[in-house]
Number of protein chains: 4
Amino acid sequence: MILRQAPELQTIHWFNTDAPLTLESLLGRVVVIEAFQMLCPGCVSHGLPQAKRAAETFSSDDVCVLGLHTVFEHHAAQGTVEALAAFLHEYRITFPVAIDAPTGNGGPPKTMTAYDMRGTPTLLLLDCKGRIRKQYFGREQDIVIGAEIMTLVCEGQNLGSRTSHAGGRGFGRMKSKQIRGRARVTAP
Amino acid sequence: MILRQAPELQTIHWFNTDAPLTLESLLGRVVVIEAFQMLCPGCVSHGLPQAKRAAETFSSDDVCVLGLHTVFEHHAAQGTVEALAAFLHEYRITFPVAIDAPTGNGGPPKTMTAYDMRGTPTLLLLDCKGRIRKQYFGREQDIVIGAEIMTLVCEGQNLGSRTSHAGGRGFGRMKSKQIRGRARVTAP
Amino acid sequence: MILRQAPELQTIHWFNTDAPLTLESLLGRVVVIEAFQMLCPGCVSHGLPQAKRAAETFSSDDVCVLGLHTVFEHHAAQGTVEALAAFLHEYRITFPVAIDAPTGNGGPPKTMTAYDMRGTPTLLLLDCKGRIRKQYFGREQDIVIGAEIMTLVCEGQNLGSRTSHAGGRGFGRMKSKQIRGRARVTAP
Amino acid sequence: MILRQAPELQTIHWFNTDAPLTLESLLGRVVVIEAFQMLCPGCVSHGLPQAKRAAETFSSDDVCVLGLHTVFEHHAAQGTVEALAAFLHEYRITFPVAIDAPTGNGGPPKTMTAYDMRGTPTLLLLDCKGRIRKQYFGREQDIVIGAEIMTLVCEGQNLGSRTSHAGGRGFGRMKSKQIRGRARVTAP
């Protein structure tokens, strides 16, 4: 089976990052994209909290968690930079978030269209080579998401170890706070 | 750092399995052990449901989820085969569960003592070589547990691919229901 | 419509009370009975926590919350005083709890039969005159239960005010901790 | 103690009602006011769902549940009719909601100020005579809210029964769906 290369993000504004991010610049890391709308109840109750937990669990050296505000309805209420800024502030979202580029014709925005997303929340997992490995519309359990992200992390480290550091452990780094404070997977 | 080899289980009765299991017979697979007591509220509300989700998420070819009934208090109420049988039936626990062997002196049972467990629930993660990689007393998040189990799965497949099947993908198998119905990580 | 008088409790053991309680002795107060089994998952996750909240919310001068252990299955595991004592200790249940009297023939116990209960959890609300005003099998929302109990409290105080203190306010007393610390319904 | 008469609502727009509501027109009924902001996480996760449950539990003949959008921050994001319309649509809020009248100077809006509200969510309970009986900032349990609302309903029916229908039962009507389908408090 041929995996699809993830289309580049088309955005008009970024929050929580000094400079706009591109998927190309993130090659070599797993990328988790949470596509959401600020007035989508399922995004607020499930999708965004899960993305936050992913950002807190994995090392940013291995995994980049991004939000993508894919406004396809309620443009007057959701479509401004001010509205999203207020939302991100109130919900304490600190990972990078972009506004998906509108088409100007009132339809779904450009990145959403390029990925054929069916709605929000949509969770995307891209591997270290920038390929779409999962695109999920709706809810998925945390234990499954955790396992899937780590699969891609290990796969990426494996690729690396074959070429450059043959002694690599194939072991996913998790946030040091996690490893020390709570998770306590003892390294070999 | 030297990893500790997991002491063999010392048990007196098994449920949900045709024959008693030993850690030795499980070498080559990741082993998840949920040590619990049937009247421990944290085990009932958190530990056992999490173990169930782990059993539902990972392929049994990769990961073996076990319960261990480590009765160290309320022996009259919790200590019989009948009591645990009723509990497992009511809570729909279908993965293998063993009763930890009592010492006969009223203290903590033998396996619990051999692992220096502090109480229940305790979650243990053993790698494919039978070494203790995590021993957690209390609660841990599902996303962390999912990632940690998959780390050990990938590590094991990696070890395997080096020796026997060099073309191995280093990719953790998850339950087919998961992959098809919900998780949709596209294989390369 | 004729309301049914609640059959007297038939019990063999009481916990959390100096002397056995009878419905007759509780006339003049609203009585909330949570019929449960210690190995019934719905009782543990929903019914008993709700009964605890009822006991914490209402003044014991107005409302008496009781547990009734109606063992109709898994007698070996649930049917002893020791088993229930361990359960009540672990789940921090401090309101009075009785063991429903077994028939000796293995069928449902005597009080359960007298009330035609369909299973556990069953919630019973008795008014100040000892009549059954609600008998619910399964789950009910807290806001509904809170309103229903208070309806019966007000009704009882109303009855009282007609006979003895004509200037009565018809106002349900709630626990002083509630009223001062959180609930803050200002008295007229 | 002298109870404070609730200041009249000062509003600029209403949703889910044919005509603007006034507290004066609601005299004789208990009034529940949920003061919220659409981007306040505690309002979205707790306050508004609780108000919905109150609206579903009590008869509208006895209890009127209102929302009041008290915007005191993020005016650009929350302050328009379009923004709130989108929010109410997405969160399926069908009880009447008003926008609190802004002062024009960027401070808290007029009704919020008149009630000395400390923030959102604030829950207000007014009795049948239009007096403030509770003003709660933050979270309160459903069982407490249900009991408190019913206290005021019973009190109001009591007042009524003294003057007009002496044979009144002093019994709070709850939604017929509730009484038949789930709650089953048998009327005398």
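Note that the coordinates shown come from a computational prediction; the quantities given were computed from them, not determined experimentally. (Residues numbered from 1 in each chain as written. Chains lettered and ligands numbered in written order. Predicted model: local features only at pLDDT ≥ 70, side-chain atom pairs only at ≥ 80, totals over all residues. Heavy atoms only, no water.)

1. Some words on the overall build of chain A
Short version of the rule: In this text, helices come from DSSP runs of H or I with a minimum length of four residues, and strands from runs of E with a minimum of two, each type numbered from the N-terminal end. Any residue under 20% of the maximum accessible area for its type is buried, any over 50% is exposed, and the rest in between are partly exposed; the area is computed with a 1.4 Å probe on protein chains only. Residue contacts follow a heavy-atom distance rule, with two residues in contact if any of their heavy atoms lie within 4.5 Å. All accessible-area figures derive from a Shrake-Rupley calculation using a 1.4 Å probe, and residue coverage is judged against the displayed protein chains alone.
Assigned secondary structure in chain A consists of six helices and six strands. Going through the 188 residues of chain A one by one, you find that 57% of them count as buried. By sequence separation, contacts in chain A at least 24 residues apart represent 72% of the contacts at least 6 residues apart. Summing over all exposed atoms, chain A offers an accessible surface of approximately 7700 Å²; the carbon and sulfur share of this is 53%.

2. With respect to the sheet that holds strand E6 (residues 132-137) of chain D
Residue and element names in this part refer to chain D. Heads up, the rule is: Here, any two strands with at least 2 DSSP bridges between them count as paired. Each axis is a line fitted through C-alpha atoms, taken for helices only over the stretch in contact, and angles between the N-to-C directions span 0 to 180 degrees.
Here we have six strands laid out as an open sheet, ordered E1-E4-E3-E2-E5-E6, and mixed in their pairing. Strand pairing shows two members of the sheet lacking a second neighbour, strand E1 (11-15) and E6, which therefore form its edges. Taken pair by pair, the neighbouring strands of this sheet meet at an average axis angle of 20 degrees, ignoring direction. Pairing between strand E3 (residues 63-69) and strand E4 (residues 97-100): three bridges, direction parallel. Bridge pairing links His 69 to Ile 99 in E4. Strands in contact with helix H3 (residues 81-90) are E1, strand E2 (30-36), E3 and E4; relative to E1, the strand with the most contacts, it is inclined by about 30 degrees.

3. Topic: the nonpolar core
In plain terms, the rule: Residues belong to a common nonpolar core when they are buried Ala, Val, Leu, Ile, Met, Phe, Trp, Tyr or Cys residues joined through side-chain atoms within 4.5 Å.
Phe 87 of chain A, Phe 87 of chain B, Phe 87 of chain C together with Phe 87 of chain D are the most contacted members of the largest nonpolar core, which has 157 residues in total. Leaving out residues up to four positions away in the same chain, Phe 87 of chain B has contacts with Phe 36, Met 38, Val 44, Leu 48 and Ile 93 of chain B together with Leu 39 of chain C.

4. Quick look at the pattern of salt bridges
Threshold: For this document, the term salt bridge refers to a Lys or Arg side-chain nitrogen within 4 Å of an Asp or Glu carboxyl oxygen.
By the definition in use, this model includes 22 salt bridges over all chains. Here Lys 134 of chain B makes a salt bridge to Glu 148 of chain B, at a shortest N to O gap of 3.0 Å. Here the residue Lys 134 of chain B occupies a position in strand E6 (residues 132-137), and Glu 148 of chain B occupies one in helix H5 (residues 142-163), the gap between them amounting to 14 residues. Side by side, Lys 134 of chain B and Glu 148 of chain B carry an identical accessibility label, which is buried. For Glu 140 of chain C, the salt bridge is made with Lys 134 of chain C, and the minimal N-O distance between the two is 4.0 Å. Linked by salt bridges that have partners in common, Asp 127, Arg 131, Arg 133 and Glu 155 of chain A make up one network.

5. Let's talk about the side chain of Glu 34 of chain B
All names here are of chain B. Applied cut-off: All tallies of charge rest on Lys and Arg as positive and Asp and Glu as negative; His and the ends of each chain are not included.
Relative to the assigned elements, Glu 34 resides in strand E2 (residues 30-36). Among buried charged residues, Glu 34 stands out as having no salt bridge; its nearest opposite-charge side chain is Arg 53, 9.4 Å away. Those residues in contact with Glu 34 that sit more than four places away from it in its chain are Gly 47, Leu 48, Ala 51, Leu 66, Gly 67, Leu 68, Pro 121, Thr 122 and Leu 123.

6. Structural notes on helix H1 (residues 41-57) of chain A
Filter applied, for reference: Expected span of a helix, by definition, is 1.5 Å for each gap between consecutive residues, and there is one gap fewer than residues.
With 17 residues, H1 of chain A should cover 24 Å at 1.5 Å per step; its first-to-last C-alpha distance of 24 Å lies within 8% of that length. Residues of H1 of chain A that are buried include every one of Cys 43, Val 44, His 46, Gly 47, Leu 48, Gln 50, Ala 51, Ala 54 and Thr 57 of chain A, and no others.

7. Structural notes on the environment of Met 112 of chain B
Residues and elements named next belong to chain B. Within the secondary structure layout, Met 112 lies in helix H4 (residues 110-114). Each C-alpha atom of the pair Met 112 and Thr 70 lies 6.3 Å from the other, and the pair is 42 residues apart in sequence. Apart from the residues within four sequence positions on either side, Met 112 is in contact with Thr 70, Phe 72, Asp 100, Met 117 and Gly 119.

8. Side note on the sheet that holds strand E4 (residues 97-100) of chain B
Residue and element names in this part refer to chain B. A sheet is described by the order of its strands in space; here six strands give the open sequence E1-E4-E3-E2-E5-E6, paired in mixed fashion. Of all strands in the sheet, those bounded by a partner on one side alone are strand E1 (11-15) and E6. Across the sheet, the mean angle separating the axes of adjacent strands is 20 degrees when strand polarity is ignored. Along the sheet face, helix H1 (residues 41-57) touches E2, strand E3 (63-69) and strand E5 (122-126) and points at about 160 degrees away from the line of E2. Here helix H3 (residues 81-90) sits on the sheet and contacts E1, E2, E3 and E4; the angle it forms with E1, its principal contact strand, is near 30 degrees.

9. Examining the packing of aromatic side chains
Definition in use: Geometry of aromatic contacts follows a simple scheme: Phe, Tyr and Trp rings, the Trp one being its six-membered ring, pair when their centres are within 6.5 Å, and the pair is stacked under 30 degrees between planes, edge-to-face over 60, tilted otherwise.
Tallied over the full model, the rule gives eight aromatic pairs over all chains. When the centroid spacing of 6.2 Å and the interplanar angle of 25 degrees are considered together, the rings of Phe 36 of chain D and Phe 87 of chain D count as stacked. On the criterion of sequence distance, the pair formed by Phe 36 of chain D in strand E2 and Phe 87 of chain D in helix H3 is long-range, its members being 51 residues apart. Judged by its relative accessible area of 0%, Phe 36 of chain D falls in the buried class. Assessed through its relative accessible area of 1%, Phe 87 of chain D is described here as buried. Three or more aromatic residues joined by ring pairs make a cluster, and in this case those are Phe 36, Phe 87 and Tyr 91 of chain A.

10. Remarks on unusual backbone geometry
With an omega of -5 degrees, the peptide bond running from Thr 120 of chain B to Pro 121 of chain B counts as cis. With respect to the helices and strands, Pro 121 of chain B occurs in the loop between H4 and E5. Notably, Asn 16 of chain A is not glycine yet its phi reads approximately 60 degrees, a positive angle. Looking at the element boundaries, Asn 16 of chain A is found in the loop between strand E1 (11-15) and strand E2 (30-36). Judged by its relative accessible area of 39%, Asn 16 of chain A falls in the partly exposed class.

11. Description of the confidence of the model for chain A
Defined as follows: pLDDT expresses how confident the predictor is about each individual residue, on a scale running from 0 to 100.
Scored by pLDDT, chain A has a mean of 88; 85% of the residues are at 70 or more. In this model, residues 176-188 of chain A is a region of pLDDT below 50 whose contacts with residues beyond four sequence positions or in other chains number 42 contacts.

12. Some thoughts on the pairing of strand E6 (residues 132-137) of chain A
Residue and element names in this part refer to chain A. The sheet contact formed by strand E5 (residues 122-126) and E6 spans five bridges and is antiparallel. Bridge pairing links Leu 123 to Tyr 136 in E6. Taking the residues between adjacent antiparallel strands as the criterion, E5 and E6 are bridged by five residues, where Gly 130 takes a positive phi near 80 degrees.

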